[in-house]
Amino acid sequence: VTFADQSIAELGHALRAGVMSCEELARDALARIDRANGALAAFVTITAERAIEEARQADRDFAAGIDKGPMQGIPYGVKDIFDVAGVATTCYSKLHLHSRVQADSAVVAALRAAGAVLLGKLATHEFAFYGPDFDLPFPPARNPWDLSRLTGGSSTGSGAAIAAGLVRFATGSDTGGSIRTPSAWCGLVGLKPTFGLLPRRGVFPLSWSFDVVGPLARSVEDCAIALGTMAGVGNAPGSDYQQRLELGVRGFRVGLLREFLSHVDAEVLAGVEEVASMLRKDGAVVDDVVLPPLAEYGATARAIIFSEGFHLHRKALQEHLGDFGPVNGKRLILGAAYSASDYIAALSARRLLAAKVQEALQRYDVLLCATALRTAPSFSQTSASPFKPSAPSLTNPFNLSGNPAMSVPIGLDTAGLPRGVQIVGRLFDEATLLRVGRTIEKRSGWESVAMPRFDNPASETA
Amino acid sequence: MDAAGLSVPTAWRSEVLSEYVLLLREIAVVHGVTRRAAMVAHPFDNITTNRSET
């Protein structure tokens, strides 16, 4: 029996109806990880003992009439920059292989309090920065839609594990797009919450003024439940994030960021246009909206992220540069090139550029553009330099502005790879973002797309 | 890089240098934005400090 295609809500109904126990569900998930992880490299550490202990506790709670809400008994994974008590937080780096962790990160503690079942820790780019890199202690995660392709990063294992049906949701972090890019390339829903919504205690940082944590999930509803639990408001059934999911977009104003799409691949661009058209059909008003050039957002975001990242790793870079993976090490040292004056200029520029996003969102309920320039590239394609003007990031403007932004899958391209669109909401208005995302998910036909399966050994070679 | 106390491996230098050139162009873009940002009031600009109270 496999439970891979059941939503968090459906699994919750089955657990409450006694169709299966939380322990059976956890053991089923662990068995699927055991079969698939060799091909995917999604999990770096499997916390089987803790999973069974948490699942048994969830079963005991159900038996005693204790219902902690929609996450009770639901298995999940965490990106390996989140602390889990008693397990090393490796950050996929030689430098942190033997880190000693005493306590759970705040988000993991919230999920544990809600009765969720932790299966293990998931792959990432080294220190949640650049990748993939084969010169690390662990291999890069592979995309379940095509194992020769990247998952997108840096929440690589989160993307691979959910797309392969090993978990329904996982945690990720997003400094410049690390939740949304793997979501787009793996066919998932990924939400970067408003800066400051979720606690970062116990999560290894990259850039203190850009980092956020958030969920990646198989569906918008799963994502809403995960966000609510991570934010500590999901314990009551029907939390804010789920209540308005099905209410549609009639009367909404959507700002299409057409000028951000000039470097986007034709099939991804067509997907954005299709979404604009389906939102209009559902009663939304969609207008073009103009923000300052993408190059200004990218340059400013990189000046801050690279400066803060270099500051964080400065001592290790000076003393142990050879222990960093080359992909990441080469980028981290570039942070030394920014002067204090450059960093202060970037902070100033950030205020102006962020204000433009907020101004646009006074006129529009959400903004719409693509998540990534194209669908998942193969490992053999050299990744473009982040400084190259022809390969701008479509995600980092909203790290810079702090707004919530979500990637929603809309269908496959002609190569059979997932395409995603990005929607951006007002500060702390994740509920509207999820509502628009749910409309896109329904209307795009994504729910009828068959996900890749790794349930049995035969399917792994298919 | 040397001033920052980094000893960059020879094998990395060419790639790091080419990205450094692109980075310098980006810094110019940031300072260009800043010239516009200078005309935007900072929230603290409206706070007057009464030094006699401190």
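Predicted model only: the values in this text are computed from it and were never measured.

## So, empty space enclosed by the protein
Residue and element names in this part refer to chain A.
And then number 1: Scanning the entire structure with this criterion turns up 2 cavities of 30 Å³ or more.
And then number 2: Estimates place the volume of the largest cavity at around 90 Å³.
And then number 3: Taken together, Phe3, Ala4, Leu11, Leu25, Ala29, Arg32, Ile74, Pro75, Gly165, Leu166, Val167 and Arg168 make up the full set of residues lining the largest cavity.
And then number 4: Ranked by residue count, the leading element in the lining of the largest cavity is helix H2 (residues 22-40), at 3 residues.
And then number 5: For the second largest cavity, the full set of lining residues is Ala184, Trp185, Val268, Ala372, Arg374, Thr375, Pro418, Arg419 and Gly420.
And then number 6: The set of elements that each furnish at least two residues to the lining of the second largest cavity consists of helix H6 (180-186) and strand E11 (418-425).
And then number 7: Considering each element in turn, the lining of the second largest cavity owes the most residues, 3 residues, to E11.
And then number 8: Of the residues assigned to the lining of the second largest cavity, the class counts are 5 nonpolar, 2 polar and 2 charged.

## Some thoughts on the interface of chain B and chain A
One widely used convention gives an interface's size as the accessible area the parts lose upon coming together.
And then number 1: Counting residues at the interface gives 27 residues for chain B and 35 residues for chain A.
And then number 2: Of the roughly 2700 Å² buried at the junction of chain B and chain A (both faces included), carbon and sulfur atoms supply 69%.
And then number 3: It is Trp12(B), Glu19(B) and Glu26(B) that lose the most area in chain B upon contact with chain A, and together they represent 25% of the buried surface on that side.
And then number 4: For Arg302(A), the salt bridge is made with Glu26(B), and the minimal N-O distance between the two is 2.6 Å.
And then number 5: Here chain B and chain A share 7 residue pairs in polar contact (both at pLDDT 80 or more) between them.
And then number 6: For the side of chain B that touches chain A, the residue count by class is 18 nonpolar, 5 polar and 4 charged.

## Some words on the confidence of the model for chain A
Note that predicted coordinates carrying low pLDDT should not be read in detail.
And then number 1: Residues with a pLDDT of 70 or more make up 96% of chain A, whose mean pLDDT is 94.
And then number 2: Of the regions scoring below 50 in pLDDT, residues 457-462 of chain A engages in 8 contacts with residues more than four places distant in sequence or in other chains.

## Observations regarding the pairing of strand E6 (residues 212-217) of chain A
For a regular strand, the rule is simple: side chains alternate between the two faces of the sheet.
All names here are of chain A.
And then number 1: In terms of burial, E6 is a largely internal element, 6 of the 6 residues being buried.
And then number 2: Two strands pair when backbone bridges link them, and strand E4 (residues 169-174) and E6 are joined in this way by 6 bridges, in the antiparallel orientation. Across the sheet, Gly172 pairs through a bridge with Gly214, a residue of E6.

## Here we look at the layout of surface pockets
Residue and element names in this part refer to chain A.
And then number 1: Considering only enclosed or pocket space, the second largest pocket measures out at about 360 Å³ in volume.
And then number 2: Along its surface, the second largest pocket is lined by 16 residues, and Ser7, Arg168, Arg218, Ser219 and Glu447 are the ones closest to its centre.
And then number 3: Grouping the amino acids of the lining of the second largest pocket by side-chain chemistry returns 3 nonpolar, 3 polar and 10 charged.

Definitions and limits used
Residues numbered from 1 in each chain as written. Chains lettered and ligands numbered in written order. Predicted model: local features only at pLDDT ≥ 70, side-chain atom pairs only at ≥ 80, totals over all residues. Heavy atoms only, no water. 1 Å grid on protein atoms, 1.4 Å probe; cavity = no way out; pocket = protein on both sides within 12 Å on 5 of 7 lines; lining within 4 Å. Points joined across faces, edges and corners; volume = space filled by probe spheres on them. Helix = DSSP H or I, 4+ residues; strand = E, 2+ residues; numbered from the N terminus. Nonpolar A, V, L, I, M, F, W, Y, C, P; charged D, E, K, R; others polar. Contact = heavy atoms within 4.5 Å. Buried area = accessible area lost by both parts, 1.4 Å probe. Salt bridge = Lys/Arg side-chain N within 4 Å of Asp/Glu carboxyl O. Polar contact = N/O pair within 3.5 Å; in protein donor to acceptor, adjacent residues only side chain to side chain. pLDDT = per-residue confidence, 0-100. Buried < 20%, exposed > 50% of the residue type's maximum accessible area, 1.4 Å probe, protein only. Pairing = 2+ DSSP bridges.

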